[in-house]
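One-letter residues, chain by chain:
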Amino acid sequence: MSDKGSHGDGHPTNTDTPLVAWGAGVGNPLPISRSDHHENTARFIDDHLHDTETPSEWGLSGMTRLDVNQADIAPLMSTLLGLPCPVNSVGNLPLQYMNLNKAEEVESVLANTKQILNQFLRKSQLKQSTSLYIKPFKPLASYSSLLREIEQLISLKEYETAMKLSEQLRSLALQGLHYFQTYDWLMLMTVITLGYVGWMIYVILHVLQSYTSLPANIFSKEQVPNPRSTVKIHLLGGLLMGVACTLLLVEKSPPLYHAYVVMTMFLWTQIFSEYQFLKAFCRYLCGRVNDYYLKLIATGVFAVIILELLVKSFTDRKFYTWCFLTTGISVPFYLYRSLPMRSRVPFFVWLACWFLSVFTLMPPQIPENTLLVVAGAVIIITIGIVLRYVESHAKDNRYWVSLVAQDSKKLKFPLLFHFQILLVGLASLMVWLSTTHRTEKQELLVLHQLVNWSFAGFSMILPLFSATGLLSRLTSIFLGVAPPFLLLSIGYEAVFYGALSLALIAWILAENAYLHISKFRSSAPVKSMEDDNRCLELSDMRIPLTFMVFFNIAFFGTGNFASIASFEISSVYRFITIFSPFLMAALLIFKLLIPFILVICAFSAITKLVQVPLLGCYFLVILCSDVMTIHFFFLVRNKGSWMEIGNSISHFGIMSAQVVFVLMLFAVTNVFTKDIQVRSAQQFSRKKM
């Protein structure tokens, strides 16, 4: 357990457990000068440092530590008690703890070896009884003759040779046991990998067919797809699924095996059923110029690099610092060459990116600091006022026209903005009052709790009544979710809320600038879809990639992706003072969701701004998530500390669930963003003419 109360991290003070043995059969302590066990340090299953010097506060500085694996304790206790080893034990008897003669040592190690060997034989027998074909573990093909040789050497009192052979046989038995425990791994990993690859190809095909102009281009001279050939492919796929399930049923495989195989075959059947589109697409690619291939390869390589760096960020949060420092230089440099200085967009992007880069250098365990929460409220109010000022003074600026409401004078509630600013200020005041009561060990009044609940709930409804212009609605959402976030904050995460919002505004401004730059540079007409959205282009891949970066920084900016335990439980004190684990966990999770809501709202607004289909971009987000998921799948481990094992599994689980999680958040945020209206540059130009 750590000082904070959580368990499972990889620190030696949480993973190294004292082992003390005394009594009959236990050897004497070994002075450091007589220690010769350092040669056996490779026997440890994890990567931590073992057999180090004993801490001085123990008072045993002259004695040698004898570190063992956790599993080694079972055969040690059994041997000291004169009992057989537990049936499923996989530990090696630590002879350094024993006070035995040579004959007794060999007999003990041989008993330990036979116990592990019997596990191997049983595993082999069970696998042979259910498998149609099995590949045996060849190193133990002659185990019986090796056992007879060991027993013969013991009878001849050649104990050293018998000990070496016993330890060798025990090592082989452990390898054979692991061989049969992981016998299906290759098949399962292959099937699951093919399933993920098939799903990604299927998503790509769906995006190409439904959200790009490719079908109109490649089928203009092609024949209409023949439905009969598609039926044949589905029949063949169904037949193969039936054969595979029959084989798995004969081998008595678990139901999950059937699910993995059927889903993988189903996806690849769907892919092969689109063979006419694939053939036409290949012909289309063959007719393109070399510049198109270079753009396609460059986009793919850039996307993979970004996603691989995001995978790395799960273990090193500092990646985001370098990411936003680099972005704060490269993007403003690109915009500076194309925009006039009076737009001030390059400067704002640089400032926002560098401000956000600071937070991933801070500790994930947030120290309590009420002044930072109040400072965060001041920053939020300042950002809101500046956005309102920009909206009111951007009437005739072509770089801002898309962000402003078409008729900003006709507002449902003219004083809504001022009321939201007031709620943010009152929320920061309640944070200060609640924290003062707690630090002075005074009970938080029920009235205070009711006021906090009222502020948090009422403020989130107000954005629904704001103006429908992009900048107006996003400003209202930003101010609307700020009070509950402030009331759940204890330190620098309140300032992070403002920094993240500034970076999202910078993203919107950069996309708006890029939109105008591309429209004025290009004279080619852009193909549109039925819902007035244009078709997706190769350059639009930047939008889901940027979303993935912001979606992860929304969590990594203030905490640890692996565990909700890294967040301070005292942040829920302003809403509830009686221990209620489910309500407290719900409040903590709600706090974590608020930055995600901001990111998804910005993402939805950008798709409307650049007039690309939101659902098509969501499928590209799925594609990016699956690339990361398949990487995390190969990083799952079953050795090491609880933290290392748990993190590897949780990272894979988080990325697997992210697709559904993002879809649910899209459904929630769509309530706020569905009626956002955007004026295009063409409308502005016609008005000026």
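Above this text is the structure in question.
Residues numbered from 1 in each chain as written. Predicted model: local features only at pLDDT ≥ 70, side-chain atom pairs only at ≥ 80, totals over all residues. Heavy atoms only, no water.

Asker: Please provide a residue-by-residue account of the environment of T161, values included.
Answerer: Note that T161 resides in helix α5 (residues 159–181). Look at T161 and you get partly exposed, because its relative accessible area is 39%. (Helix = DSSP H or I, 4+ residues; strand = E, 2+ residues; numbered from the N terminus. Buried < 20%, exposed > 50% of the residue type's maximum accessible area, 1.4 Å probe, protein only.)

Asker: Summarise helix α12 (residues 319–336); cite the residues concerned and give the values.
Answerer: Across its 18 residues, α12 extends 26 Å between first and last C-alpha, which sits within 8% of the 26 Å expected from 1.5 Å per residue. If you check which residues of α12 are buried, you get F319, Y320, T321, C323, F324, G328, P332 and L335. (Expected span 1.5 Å × (residues − 1).)

Asker: Mind laying out the nonpolar core, listing which residues take part and the relevant values?
Answerer: L356, F547 and F550 are the most contacted members of the largest nonpolar core, which totals 124 residues. Per-element accounting of this core gives the leading share, 18 residues, to helix α19 (residues 493–521). Residues from two domains meet in this core; each of domain 2 (188–285) and domain 3 (288–521 + 551–684) gives at least three. Beyond its immediate sequence surroundings of up to four residues, F550 is in contact with F324, L356, L500, A503, L504, W507 and V599. Listed in part, the 29 residues of the second largest apolar core include Y97, L110, L140 and I150. (Core = buried A, V, L, I, M, F, W, Y, C linked by side-chain atoms within 4.5 Å. Domains from an automatic or database assignment. Contact = heavy atoms within 4.5 Å.)

Asker: Tell me about the packing of aromatic side chains, and please be specific about residues and values.
Answerer: Following the criterion strictly, the structure yields 37 aromatic pairs and no others. Aromatic pair F347 and W350: ring centres 5.6 Å apart, planes at 40°, arrangement tilted. Taken together, the positions of F347 and W350, both in helix α13 (residues 345–356) and three residues apart, correspond to about one turn of that helix. When its relative accessible area of 54% is taken as the criterion, F347 is described as exposed. Seen from the ring of Y292, R288 lies directly overhead, with NZ or CZ sitting 4.4 Å from the centre. (Phe/Tyr/Trp six-rings, centres within 6.5 Å; stacked < 30°, edge-to-face > 60°. Lys NZ or Arg CZ within 6 Å of the ring centre and 35° of its normal.)

Asker: Account for the state of the cysteines, naming residues and giving values.
Answerer: Enumeration over the complete set of coordinates arrives at zero disulfides. C323 takes part in no disulfide bond, and the closest cysteine sulfur, belonging to C353, lies 8.2 Å away. The exposure class of C323 is buried, given its relative accessible area of 17%. (Disulfide = S-S within 2.5 Å.)

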